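Chains, contacts and geometry: an overview
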Amino acid sequence: MAFAHDTDIALRTAAAVVNTAPGTRADRAVDTLSTAESLQEFYETWGWTGRLDGDASELEQARALRGRLRALWLAADDAHAVADLVNELLRTGHALPQLVEHGEYGWHIHATDGDAPFARRMQVEAAMAVVDVIRAGELSRLRVCAADDCDDVLVDLSRNRSKRYCDSGCGNRLAAAAYRSRQGG
Ligand SMILES: [Zn+2]
Ligand SMILES: [Zn+2]
């Protein structure tokens, strides 16, 4: 495993929220974070606890966060640029690191309270995870999907750094297309 378990989950969660925004791929034109219900579904899917208001302003903050997190992926070949973005996310997210132990994760850091606004907690959690990525010299694991028509982001947590395609089907899609072209149709 490249990172601590909570960092893995935080990175995958950050990629998932970025990828709720409409993508360049034809079947990814729909914004899947467009209602309070879809935000609640995201919250449940990714195992969040704590404050969730379910109102329009919370949804707007979550939607606005996506571009700021996507910028981390787009800057991933420049650690200083990513560090600047991370520091801005931590500063504007009012991060206050506290060492805690609960559940099954062992000692780890919470940098916001569970009663802070949800979008702010997502912001700070993502930034803290990218702190680990930078310190480990592993920014190359933050990638944009290698499919020509897809700009979804991904986190390569594989041992051999072999993950090239996003989780919304590009790997299978391209494999099927290659197979059909080999079969002559
Ligand atoms: Zn915790
Ligand atoms: Zn893709």
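Residues numbered from 1 in each chain as written. Chains lettered and ligands numbered in written order. Predicted model: local features only at pLDDT ≥ 70, side-chain atom pairs only at ≥ 80, totals over all residues. Heavy atoms only, no water.

1. Topic: the pairing of strand 1 (residues 98–101)
Test applied: The pairing criterion is simple: DSSP has to find at least two bridges between the two strands. The way it works is that DSSP assigns letters per residue, a run of H or I at least four long becomes a helix, a run of E at least two long becomes a strand, and they are numbered from the N terminus.
As defined by bridge partners, strand 1 adjoins strand 2 (residues 107–110) across four bridges and the pair is classed as antiparallel. Each bridged residue has a counterpart across the sheet, and for L99 the counterpart in strand 2 is I109. Where strand 1 folds back on strand 2, the antiparallel hairpin that results is connected by five residues, among which G103 adopts a positive phi of roughly 60°.

2. Quick look at the coordination of the zinc ion (ligand 1)
We count it as follows: With water excluded from the atoms, a metal site may look incomplete; its donors are any N, O or S atoms within 2.8 Å, or within 3.2 Å for Na, K and Ca. Exposure categories follow from relative accessible area, calculated using a 1.4 Å probe and restricted to protein chains: below 20% of the type maximum is buried, above 50% is exposed, and the middle band is partly exposed.
Distances from the zinc ion (ligand 1) to its protein donors, H102 (NE2), H108 (NE2) and H110 (NE2), fall at 2.1 Å. Taken in sequence order, the residues that donate to the zinc ion (ligand 1) follow the motif H-x5-H-x1-H. Given the relative accessible area of 9%, H108 is considered buried.

3. Observations regarding the packing of helix 2 (residues 36–45) against helix 5 (residues 118–135)
Operational definition: Orientation is described by axes fitted as lines to C-alpha atoms, over the contacting stretch for helices, and by angles from 0 to 180 degrees between their N-to-C directions. Roughly parallel here means an angle under 35 degrees, roughly antiparallel means over 145, roughly perpendicular means 65 to 115, and every remaining angle is called oblique. Crossing handedness is defined as follows: a turn of the near helix away from the far one that is anticlockwise and smaller than a right angle gives a left-handed crossing, while the clockwise case is right-handed. Should any heavy atoms of two residues lie within 4.5 Å, those residues are counted as being in contact.
In the contact formed by helix 2 and helix 5, the axes pass within 13 Å of each other and the chain directions differ by 45°. With respect to helix 5, the element helix 2 is oriented oblique. Between helix 2 and helix 5 the crossing geometry is left-handed. Side by side, helix 2 and helix 5 meet where L39, F42 and Y43 of the first sit next to F118, R121 and M122 of the second.

4. Overview of the side chain of E138
Residue placement: E138 occurs in the loop between helix 5 and strand 3 (142–144). Those residues in contact with E138 that sit more than four places away from it in its chain are F3, V133 and R161.

5. Here's the deal with the pattern of salt bridges
Formally: By definition here, a salt bridge exists when the distance from a side-chain nitrogen of Lys or Arg to a carboxyl oxygen of Asp or Glu is within 4 Å.
Applying the stated criterion to the full structure yields 13 salt bridges. For D27, the salt bridge identified is with R25, shortest N-O distance 2.7 Å. The buried category is assigned to R25, whose relative accessible area is 4%. For R63, the salt bridge is made with E60, and the minimal N-O distance between the two is 3.9 Å. With R63 and E60 both in helix 3 (residues 56–74) and three residues apart, this pair spans about one turn of that helix. In this structure E60 comes out as partly exposed when scored by relative accessible area, which is 47%.

6. Regarding the nonpolar core
Nonpolar side chains in soluble globular proteins generally cluster together in the buried interior. Quick note on the threshold: Only buried residues count toward a nonpolar core. Its members are Ala, Val, Leu, Ile, Met, Phe, Trp, Tyr and Cys residues joined through side-chain atoms within 4.5 Å.
Counting residues in hydrophobic clusters, the biggest one holds 39 residues, and the most contacted among them are L11, L69, L72, W73, M122, V130 and L142. Those elements that provide at least two residues to this core are helix 1 (5–18), helix 2, helix 3, helix 4 (79–92), helix 5 and strand 4 (153–155). At nine residues, the largest contribution of residues to this core is made by helix 5. Counting residues in each nonpolar core, the second largest holds six residues, with C145, A147, L154 and C170 among its members.

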